Amino acid sequence: MVKLFRNILFIFIFILIANQVVKKILLPYAWADNVLTQKIIGYEERWEEYNALFVGASLTYRQIDPNIIDSIAHLNGIEVHSYNLAVDAQNFIKILDNWQYVDCSNRNNLEYVFIELSSSMEMYLPALHTVKNFYWIKKNHVLQAAKMIKDYPVAATNKALLGYAYGVSWVENLLNFGVAPDVLSNYFVKKKNEKYFNGKLQNGFYPYTEKPKNPLMGTATEERVIFEERDILLANPDTIMHAIRSKSLEQYKKGGGKKLVASQLKICLDLIETNRQKGIETIFILPPRARGNYNILLPIYAALPEKNKIDLGNPNEFSEFYTVENSFNFFHFNENGAQLYSLILGEKIVKLLK
Amino acid sequence: MLFNSPEFLIFFAVVFVLFFRIPYNKRWLFMLAASYIFYMSWSPKFIVLIILSTIVDYYAGIKMGQQDSQEKKKKFLWLSLVVNLGMLASFKYLGFIDETLQTIFAWVSLPYPVPEPWFNNIVLPVGISFYTFQTLSYSIDVYKGVTKPEKHFGIFALYVSFWPQLVAGPIERSNNLLPQLRKNIDFNYDHIRSGLFRMLFGFFKKVVVADRLAIYVTEIYGNYDQTSGFTVLVGAYFFAFQVYCDFSAYSDIAIGAARIFGIELMENFKRPFFSKNLAEFWTRWHISLTTWLTDYVFFFMGAYKASTAKVAFNVLFVLGLTGLWHGPKWPMILSYLTIGVFMTIRFIWQSVIVRQIRPSNSYKLLQKVPNWIHVLITFHLLIAAFMMFRCQTMGEAVMMYKNIFKFPEAGYWSSVVALKGPVQLALAFIFLGILVCIEFIVKDRKIEDLVLSQSKINRWVIYLAFALITLWFGVFTQNEFVYFQF
């Protein structure tokens, strides 16, 4: 049996080494995510101009127009030149990873970073075992996830499922499960011009729109899903919007309702401190319609320092964010809604920075 | 749990590590528990059916063993047949029978008297077609005196539910599997190495070849009303290879896993697409099922010891039954019946026409045709028959066949390429080509025997190549083995 395990171990080590070599040589950051790749290219093309960065998921990507933010700031005598680096379907751990990438690169003149607080550390489980889902998960992400899962106010079975999702995804990344076709496509297939993912003004903002000229999402499947969600909303708009609003309101009334995820709060506070030492002010944004997660996010938000947070989620205060007219699907604005959101956010930012 | 899932790898590792540490006399219990856990990971409540089948067939076997005449044994054989086939019919075929009767009543414009039946919503228990046939073969063999009744209930229960082959075969015979389950198995490095490589080869076939082809098959068959011409043909070829790779991969993994624990399961596929005629194909494709049907149905009906018309009927009946075993869908039944028609035509040609007209120059000329042409013709007859197997309804099947002749392409091929990009499509052809080459080289040997006979360096290059290719090029989104639906 010793010989057998030794041979299996040898094969395993060989595979690990081969995989690390392949990754180092062939695979750039975000290689499996064509949208994030475009966003990073868009940022790096003009990084010297930017002193502010928005990072987050779709509630940032599709809803925050840096041009509007910058204009409002400029009108109030504050110099802000921002870029929207957010991408759809990023959980909290991935958002921080994207920020780390920029932070650790030498291409950063930033004074402000705005981080979306909405995404939790959950994974989109139907996407489990797909390359786009696991390609970024390293040991530090798994450790981060493990700390947060411990505090997460969900049932033990959900915790086990989350732990399993991260663990398995990490193993799949270590062993490069099924990555070769994507790698080969990167090198041998003429790349489409996908700059449209950076939006009309190439500032990273690309709102959801009913009749897009170009694909809205990175893959055909994702494109189909968001429009299916839209169809469901249009079939029963008032009922659905009322339900989303009521749920958010109920969570706001309770101040959340779930136990504080202390580990996630610590990550946020440490990040504020670390960035401050580099001369970067960190501001967490709690967006509207945060996918019903206010019960977990509000306790974290409440514990953040006042000058490092903006809350735009309260339905009583921002009822315009909970209307069908401004909606694309359940949780996202359409272009009008995104413009309105950016205007209000801009004012909040100015107030904070002043 | 699917074989190509992380859960299975964890399960397998745990079973492997513990198995050889357990005393010989307790291993059956451990393996039985593992088998039940394996099955319950699919559908916990349906474990009841396996246990019921086990109890009934164990009892029937013991009782048959106590009888001194075939007549007295018959009622216990009937008990086994009724319970097992009854279970299979209830879960698998009642809805089909109802649907067919509804169609007939509609054709003749009569009102259908049966109200909306509840059994249309019954979920098919995974593997039911396999384990019921396995237990039936035991009962029939005990009845015929081919095998002695198993007295150890635990060993018998393990025979029924042995996890490597429980949900998709091979359908094992009792006189092969039962004696092996009773043996004290020692750790054998060569068996384990051989078994592990066989499993690796199975994973390669499944995740690199079958699941890659499945992407295109699903798209082409899913849009059958728009698919035309060349694309239909590509879908048909891909489907034939997909189902072969998928099913034979499962068998490879099952055979490899069983070998690690000292059990030799029967081979289930022997390069079927290299068959020179359909009769040979019948001996190379899903061998455990075809031999089952040959031994217990075809020979029971008289096999070849009858008039030409009766033999033709026997062949068509068995092939129709094969299609029905696969599923309660007319395309599946007619797909196999089509093969049956081809086989019957060949049988009639050989037994009647050739005998009547005597070997003529034209017949001698036919014999001079190279084997590879026979292989190609047989392969394309199979493609023609299997094409409809994947269809959900006969309407869909008819449209697929009609659409072959629809030209020109409405740009559909380019959208198939665009589905996963040109690289994935190129890889589908490349790995299919590699598999065909491997099968051509290996011929009728076992691949693991061929690999293990190589020098140490060659062996290790092969292990690492297959491991890396499977990891790097595999399609790992959740694709079930095709044969689980049976």
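Scope of this entry: the structure provided in the associated data block. (Residues numbered from 1 in each chain as written. Chains lettered and ligands numbered in written order. Predicted model: local features only at pLDDT ≥ 70, side-chain atom pairs only at ≥ 80, totals over all residues. Heavy atoms only, no water.)

**Side note on the overall build of chain B**
Here is the rule: Numbering of helices and strands runs from the N terminus; a helix is a DSSP stretch of H or I covering at least four residues, while a strand is a stretch of E covering at least two. The globule rule used for comparison is 2.2 Å times the number of residues to the exponent 0.38, while the radius of gyration itself is calculated over C-alpha atoms. Between buried and exposed lies partly exposed: a residue is buried under 20% and exposed over 50% of the maximum accessible area for its type, with that area taken using a 1.4 Å probe on protein chains only. Contact between two residues is taken to exist if any of their heavy atoms lie within 4.5 Å; hydrogens are not considered. Residue exposure ignores everything except the shown protein chains as possible cover, and the areas themselves are Shrake-Rupley values with a 1.4 Å probe. Neither His nor the chain ends is counted toward charge; the positive residues are Lys and Arg and the negative residues Asp and Glu. Each charge is placed at NZ for Lys, CZ for Arg, CG for Asp and CD for Glu.
Looking only at helices and strands, one finds 20 helices and zero strands in chain B. Relative to its length of 486 residues, chain B is compact, with a C-alpha radius of gyration of 24 Å against a globular reference of 23 Å. For chain B, the proportion of its 486 residues judged to be buried stands at 56%. In chain B, the share of contacts with a sequence separation of at least 24, taken over all contacts with a separation of at least 6, comes to 77%. Carbon and sulfur atoms provide 68% of the accessible area of chain B, an area that totals close to 21400 Å². Once the 43 positive and 28 negative side-chain charges of chain B are each reduced to a mean point, those two points are 8 Å apart.

**Here we look at the overall build of chain A**
On a plain count of helices and strands, chain A comes out with 14 helices and five strands. Expected size for 354 residues packed as a compact globule is a radius of gyration near 20 Å; at 21 Å, chain A falls within 12% of this value. Expressed along its principal axes, the backbone C-alpha trace of chain A runs to roughly 70 × 50 × 45 Å. Within chain A, buried positions represent 55% of all 354 residues. When contacts within chain A are restricted to residue pairs at least 6 apart in sequence, long-range pairs at least 24 apart make up 80% of them. Charged side chains of chain A number 40 positive and 36 negative; the gap between the two group centres comes to 7 Å.

**Some remarks on the sheet that holds strand β3 (residues 112-116) of chain A**
Residues and elements named next belong to chain A. To keep it simple, the criterion reads: The criterion for strand pairing is that DSSP finds at least two bridges linking the strands in question. In this analysis an axis means a line fitted to C-alpha atoms, helices contributing only their contacting stretch, and an angle means the value between N-to-C directions, from 0 to 180 degrees.
Taken together, the five strands give an open sheet; going across it, the order is β2-β1-β3-β4-β5, and neighbouring strands pair in parallel fashion. A strand with exactly one partner marks an edge of an open sheet, and here the two such strands are β2 (82-84) and β5 (309-311). Strand after strand, the sheet turns through a mean of 20° between neighbouring axes, direction not considered. Pairing analysis gives three bridges linking strand β4 (residues 281-286) to β5, with the strands arranged parallel. Looking at the pairing, Leu 286 lines up with Asp 311 of β5. Across the sheet, helix α13 (residues 294-303) touches β4 and β5, and the angle it forms with β4 is around 145°.

**Some thoughts on helix α2 (residues 27-40) of chain B**
Residue and element names in this part refer to chain B. Rule in force here: Take the number of residues in a helix, subtract one, and multiply by 1.5 Å to get its expected span.
The first and last C-alpha atoms of α2 sit 20 Å apart over 14 residues, in line with the 20 Å expected at 1.5 Å per residue. Buried within α2 are the following residues: Arg 27, Phe 30, Met 31, Leu 32, Ala 34, Ser 35, Tyr 36, Phe 38 and Tyr 39. Tucked inside the fold, the buried residues of α2 contact α1 (6-19), α3 (47-66), α5 (128-144), α6 (153-161) and α7 (163-166).

**Description of a nonpolar patch on the surface**
To keep it simple, the criterion reads: Residues with no salt bridge and a relative accessible area higher than 30% make up the patches, which join like charges within 9 Å and nonpolar side chains (Val, Leu, Ile, Met, Phe, Trp, Tyr) within 5 Å. Salt bridge, as used here, is a side-chain nitrogen of Lys or Arg placed within 4 Å of a carboxyl oxygen of Asp or Glu.
A surface patch of nonpolar side chains, about 690 Å² in accessible area, is lined by Leu 94, Ile 97, Leu 101, Ile 104, Trp 107, Val 108 and Leu 110 of chain B. Mapped onto the secondary structure, Leu 110 of chain B falls in the loop between α4 (70-107) and α5.

**A closer look at the pattern of salt bridges**
Counted under the stated rule, the structure contains 34 salt bridges over all chains. Among the salt bridges present, the one from Asp 33 of chain A reaches Lys 132 of chain A, with a minimum N-O distance of 4.0 Å. With Asp 33 of chain A in the loop between α1 (2-26) and α2 (34-45) and Lys 132 of chain A in helix α6 (residues 131-134), this pair connects stretches of sequence that are 99 residues apart. Exposure remark for Lys 132 of chain A: the relative accessible area of 25% places this residue in the partly exposed category. Measuring nitrogen to oxygen at the nearest pair gives 2.8 Å for the salt bridge that ties Arg 107 of chain A to Glu 44 of chain A. You can see Arg 107 of chain A sitting in the loop between α5 (92-104) and β3 and its partner Glu 44 of chain A sitting in helix α2, a full 63 residues away along the chain. Using a relative accessible area of 29% as the deciding quantity, one classes Arg 107 of chain A as partly exposed. Via salt bridges that share partners, Arg 198, Lys 205, Asp 252, Arg 259, Glu 264, Glu 267, Lys 446 and Glu 448 of chain B belong to a single interconnected network.

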